[in-house]
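Listed here are the chains, written in short residue letters.
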Amino acid sequence: MSVKSFFLSLRNIIRAIISGEFLLRIRVDKYYMHIMYLFLLMWATILLSLQVDKTLARVGDNKVALERLRIHHAEKEAALVKLHSASAAEIRLKQLGSEATLPSEPATIVKSK
Amino acid sequence: MTKRQSEIKDNIENRDRIHVVMFFLSYFFMALSVMILVWIVKIQVSYSVDDRVIGLFRPTEQKHIETPVRGRILATDGRPMAISAPLYDIYMDCTVRKQDYRDSGKDSLERVWRAKARDLATYLSNEFRDKSADAYAKAILEGRDKGARYLRIQRNIDLSTLQRVRTFPLFKEGPYTGGIIVEEHEERIYPYDSLARRVIGYVKEQNRIGLESSFDSELHGREGYEWRRVTDNKRWIRDLDSASVKVQNGNDIRTTLNVDFQDIADKALRNQINANEDIRAGICIIMEAKTGAIRAMVNLSRGETPQTTLWERENLVLREVGEQGSVMKTVTLLSLVEDGYVQSLEQTIPTNNGFVPNYRQDVHILDYQRETGRREISVMHGFEISSNYVFTYLAENYYGKQPQEMFDHIYSYRLGEAFDFDITGLGKPVVNRPGTPGWSKTTLGTTAYGYGLSVTPLHVATFYNGIANKGRMMKPYLVESIEKDGKVLRRFVPSALNESICSAATADTVTRALKAVVNTGTATRLKSAKLQVCGKTGTAQVVLTPQERKGSADPYHDTMGRKKNQGTFVGFFPADDPKYTILVTVYSYLSGKSFYGGTMPALAVREIVDKIYALDGDWAEVLHPVATVPDMKKTTEK
């Protein structure tokens with residue numbers, strides 16, 4: 001193909017595109033359904049990919065939230081357990097001015113028949 | 001023009017065209033090579049990378065390492081004794097936006113920032129209460145003037161505090177305006193503070209002790225990783241196309257420790273030794289007789305000087321290998337009864353003025369002779385008053401010709417080996433048996449009353465537990481199970497070190513002797529305990545180091561006559577149906593005073609026994625209703 005004929009073809013293509021006849025001229029209309037199908041697939045792929053990204057971002061946020069809850073739980077558990085010893089109870093009772101002390105006799109157990 | 005001439009002309013024209021093309025091509029490539037050379041020189045000399053260019057080459061994926069959460073160490077009832085949680089350090093970049101404000105030429109922006117910094121100082125002062133608001137404000141504003149980019153605000157704060165701090169003025173504007181810098185570091189939280197800290201232990205780089213060290217592979221878990229990519233919204237998300245390894249958090253360790261018993265033992269020991277600055281350390285073991293499960297293990301000690309506070313500094317229960325004194329007379333008695341040399345505890349031996357050839361005279365026998373006027377003493381009474389003479393005489397008399405026989409017993413009681421234990425580092429006993437360098441003609445006798453044989457307190461407690469368990473010597477253990485999210489992965493069942501160290505009849509006979517020690521012997525302070533305790537006291541002098549001896553020829557005394565004592569009480573309770581074996585030992589500094597097993601250790605044991613009696617449901621009074629309460633609802637309906 002000479003340079004002249006190349007530029008001539010290019011001019012025709014541009015004109016056809018501008019006048020909206022390009023696809024008809026190259027007889028693509030018979031592949032219309034295929035093109036639409038391809039377009040739909042691509043659109044669906046992009047949409048799904050965006051949704052996956054969004055979901056994974058939420059998963060990341062939830063992981064952070066869960067980790068924070070775990071830390072809170074550990075801190076609160078430690079604080080509670082600290083109070084849950086005989087010595088801690090004795091000290092607390094003393095601070096509150098209570099006369100109650102740790103038991104000196106075992107508890108009496110009532111067993112039902 | 002002929003055809004031939006025409007062909008020649010065409011050839012020449014073609015050649016000229018090729019020449020022209022080749023000419024331009026060669027110039028093009030020449031120019032290109034010159035340009036490349038110029039670029040190479042430029043890159044080498046003066047090229048600086050444009051940020052936009054870096055952006056193009058920056059990887060869109062990052063490898064994210066996920067560290068596992070360390071497993072918890074639990075008490076036997078599930079109460080956590082060690083938990084992992086992150087703590088945070090807060091720093092401040094005081095110079096944040098300073099240059100921007102200066103460049104913009106608006107002084108008002110800088111003034112607003114400084115006003116917010118003063119507000120922040122007030123909030124920080126109210127939150128942490130360690131410095132005044134003025135002190136905080138001064139530090140921040142001076143830091144801004146001097147260019148401090150890393151001003152320490154507070155260290156080791158928890159997540160709740162951090163979340164509050166993030167809402168403070170200036171800090172709530174984030175790192176790029178507020179200058180807040182948060183650094184996270186994983187920390188181990190011990191809710192019970194010093195309680196059983198030596199047993200729980202820790203892992204800090206090269207320093208590894210206790211259960212944290214022995215079970216590190218279980219507690220640690222396994223690191224994971226995942227590749228992350230950035231989304232169009234600049235969010236980092238997991239890249240599902242890349243390989244990832246899921247993080248595995250550490251398993252939990254459920255110990256046999258009973259927090260209440262540990263607390264009671266710790267407090268009872270402190271009550272006895274806290275005020276006495278001659279006491280260097282005190283230990284306590286409480287072991288379940290039937291299983292060997294250790295319910296409490298206390299290791300309190302002071303530092304080099306008596307002024308230091310009592311703390312769990314070293315695991316003396318496992319590592320203090322030493323001569324245990326008279327508590328080892330039970331070893332001799334058990335062997336003699338088992339071998340049939342002592343048929344009855346009432347069997348008598350001559351007193352011989354407390355003298356056995358080659359041995360030091362036992363002056364207590366002279367007192368006995370004087371008080372009773374008798375020239376013979378029963379084995380039982382010798383055990384009650386803890387007579388060295390009686391046990392030297394018995395050992396020499398019955399094992400003198402066959403000393404190996406007695407040492408075979410010692411080995412069968414596992415007093416000659418460092419048996420397997422859940423915490424590494426159990427001290428190896430030193431047994432001066434026949435044929436070893438430490439053996440002499442007096443070793444048999446001294447071993448019979450507790451010297452010459454060096455063991456750890458855990459060995460002693462395990463031996464007494466064997467007697468409490470009618471001859472079945474259980475292996476002491478500290479870990480019950482390995483768990484994951486409450487589900488048991490592996491359970492450790494009790495096992496025996498020696499299925500039978502003696503017959504049940506021998507164990508009963510020795511138990512009778514141990515009861516007599518508490519009733520009429522050296523441990524009468526335990527007579528009034530709320531559960532009947534039986535056991536043996538022991539007072540031993542500790543061999544001094546050459547530095548402590550300061551030139552003294554006596555291995556037990558320095559030149560000023562001072563010595564190091566250890567007083568022990570070891571036994572079990574209730575005597576008739578033993579549930580727990582208990583050992584308490586106190587160790588003194590170099591001192592002129594003596595510390596006996598029948599004093600501080602016995603008093604600590606009494607306090608522990610009384611409190612366990614009140615807390616343990618086993619001794620509770622059980623009431624069975626003898627009548628039924630009428631159903632009042634039915635009566636009313638009628």
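Residues numbered from 1 in each chain as written. Chains lettered and ligands numbered in written order. Predicted model: local features only at pLDDT ≥ 70, side-chain atom pairs only at ≥ 80, totals over all residues.

A.B. asks: Describe the overall build of chain A, listing the residues and the values that go with them.
C.D. replies: Within chain A, the secondary structure is distributed over four helices and one strand. Scanning chain A from its N terminus toward the C terminus, one meets helices and strands in the order α-α-α-α-β. Here chain A, with 113 residues, has 4% of them falling under the buried criterion. (Helix = DSSP H or I, 4+ residues; strand = E, 2+ residues; numbered from the N terminus. Buried ≥ 20, exposed ≤ 12 C-beta atoms within 10 Å, placed from the backbone.)

A.B. asks: So, the sheet that holds strand β17 (residues 453-455) of chain B: which residues are in play, and what are the values?
C.D. replies: Spatial strand order, β13-β17-β16 (chain B): three strands in an open sheet with antiparallel pairing. Pairing within the sheet leaves two strands with one partner each, and these edge strands are β13 (322-323) and β16 (430-431) of chain B. (Pairing = 2+ DSSP bridges.)

A.B. asks: A description of the sheet that holds strand β11 (residues 279-288) of chain B should follow, citing residues and the corresponding values.
C.D. replies: Whenever strands of a sheet pair, they do so through backbone hydrogen bonds, lying parallel or antiparallel. All names here are of chain B. Pairing is antiparallel in the open sheet, where five strands are placed in the order β12-β11-β24-β23-β22. Because the sheet does not close on itself, it has two edges, and the strands there are β12 (294-301) and β22 (534-542). The mean inter-strand angle of the sheet, taken between neighbouring strand axes irrespective of direction, is 10°. Where β11 meets strand β24 (residues 580-588), nine bridges bridge the pair, whose relative direction is antiparallel. Note that in β24 the partner of A281 across the bridge is Y587. Against the sheet, helix α19 (residues 504-520) makes contact with β22 and β23 (564-573), and its axis sits at roughly 70° relative to β22, the strand it touches most. Together, β11, β22, β23 and β24 form the strand contacts of helix α21 (residues 600-615), whose direction differs from that of β24 by roughly 145°. (Axes fitted to C-alpha atoms, helices over the stretch in contact; angles between N-to-C directions. Contact = placed C-beta atoms within 7 Å.)

A.B. asks: Tell me about the domain arrangement of chain B, residues and numbers included.
C.D. replies: Residue and element names in this part refer to chain B. Domain parsing of chain B yields domain 1 (58-79 + 191-253), domain 2 (89-182) and domain 3 (259-619). Relative to domain 3, the C-alpha centre of domain 1 lies at a distance of 42 Å. At the junction of the two partners, domain 1 supplies 19 residues and domain 3 supplies 20 residues. Among the secondary structure elements, those contributing two or more residues to the side of domain 1 that touches domain 3 are α7 (197-200), α8 (210-214) and β10 (252-255). Ranked by residue count, the leading element in the side of domain 1 that touches domain 3 is α8, at four residues. Looking at side-chain class alone, the side of domain 1 that touches domain 3 contains eight nonpolar, six polar and five charged residues. (Domains from an automatic or database assignment. Nonpolar A, V, L, I, M, F, W, Y, C, P; charged D, E, K, R; others polar.)

A.B. asks: Tell me about the nonpolar core, residues and numbers included.
C.D. replies: Residue and element names in this part refer to chain B. A265, C284, I285, I582 and V605 are the most contacted members of the largest nonpolar core, which has 129 residues in total. Here this core gets nine residues from one element, more than from any other, and that element is α21. Mapping this core onto the domain boundaries places at least three of its residues in each of domain 1 (58-79 + 191-253) and domain 3 (259-619). Beyond its immediate sequence surroundings of up to four residues, I285 is in contact with I294, M297, V317, P457, L458, A461, I582 and L583. Listed in part, the 17 residues of the second largest apolar core include I140, L170, F171 and I180. (Core = buried A, V, L, I, M, F, W, Y, C linked by C-beta atoms within 7 Å.)

A.B. asks: Which residues make up the packing of helix α4 (residues 107-128) of chain B against helix α5 (residues 133-146) of chain B, and what values do they have?
C.D. replies: All names here are of chain B. In the contact formed by α4 and α5, the axes pass within 8 Å of each other and the chain directions differ by 135°. On the basis of their axis angle, the class for α4 and α5 is oblique. For the pair α4 and α5, the crossing hand works out as right-handed. When α4 is examined against α5, the residues R114, A117, R118, A121, T122, L124 and S125 are found in contact with a partner set consisting of A133, Y136, A137, I140 and L141. Here the residues of the contact of α4 with α5 sort into eight nonpolar, two polar and two charged. (Parallel < 35°, antiparallel > 145°, perpendicular 65-115°, else oblique. Left-handed = near helix turned anticlockwise from the far one by under 90°.)

A.B. asks: I'd like a rundown of the interface of chain A and chain B, residues and numbers included.
C.D. replies: The interface is formed by 29 residues belonging to chain A together with 32 residues belonging to chain B. Sorting the residues of the side of chain A that touches chain B by element identifies α3 (32-83), α4 (86-95) and β1 (109-110) of chain A as the ones contributing at least two each. Counting residues per element, the side of chain A that touches chain B draws most heavily on α3 of chain A, which supplies 13 residues.

A.B. asks: Let's hear about the environment of M92 of chain B: which residues, and what values?
C.D. replies: All names here are of chain B. Mapped onto the secondary structure, M92 falls in strand β3 (residues 80-92). For the pair formed by M92 and D103, sequence separation is 11 residues and the distance between their alpha carbons is 22 Å. The contacts of M92, once residues within four sequence positions are left out, are I140, L151, I153, G179, I180 and I181.

A.B. asks: Before we move on, could you go through the packing of helix α12 (residues 329-338) of chain B against helix α15 (residues 388-399) of chain B and cite the residues and values that matter?
C.D. replies: Residue and element names in this part refer to chain B. Here α12 crosses α15 at 40°, and the two axes come no closer than 11 Å. Relative to α15, the element α12 lies oblique. Considering the relative orientation of α12 and α15, their crossing is left-handed. For the pair formed by α12 and α15, the contact residues are K329, T332 and L336 on the first element and F391, L394, A395 and Y398 on the second.

A.B. asks: Quick one: what's the story with the environment of D10 of chain B, residue by residue and with numbers?
C.D. replies: Positionally, D10 of chain B belongs in helix α1 (residues 3-46). For the pair D10 of chain B and P437 of chain B, spaced 427 residues apart in sequence, the C-alpha to C-alpha distance is 117 Å.

A.B. asks: Describe unusual backbone geometry, listing the residues and the values that go with them.
C.D. replies: Glycine aside, residues mostly have negative phi angles, and peptide bonds mostly take the trans form. Residues and elements named next belong to chain B. Cis geometry marks the peptide bond from F573 to P574, where omega comes out at -15°. Structurally, P574 is set in the loop between β23 and β24. Phi is positive for D485, which is not a glycine, with a value near 50°. Assignment of secondary structure puts D485 in the loop between β19 (479-484) and β20 (487-491).

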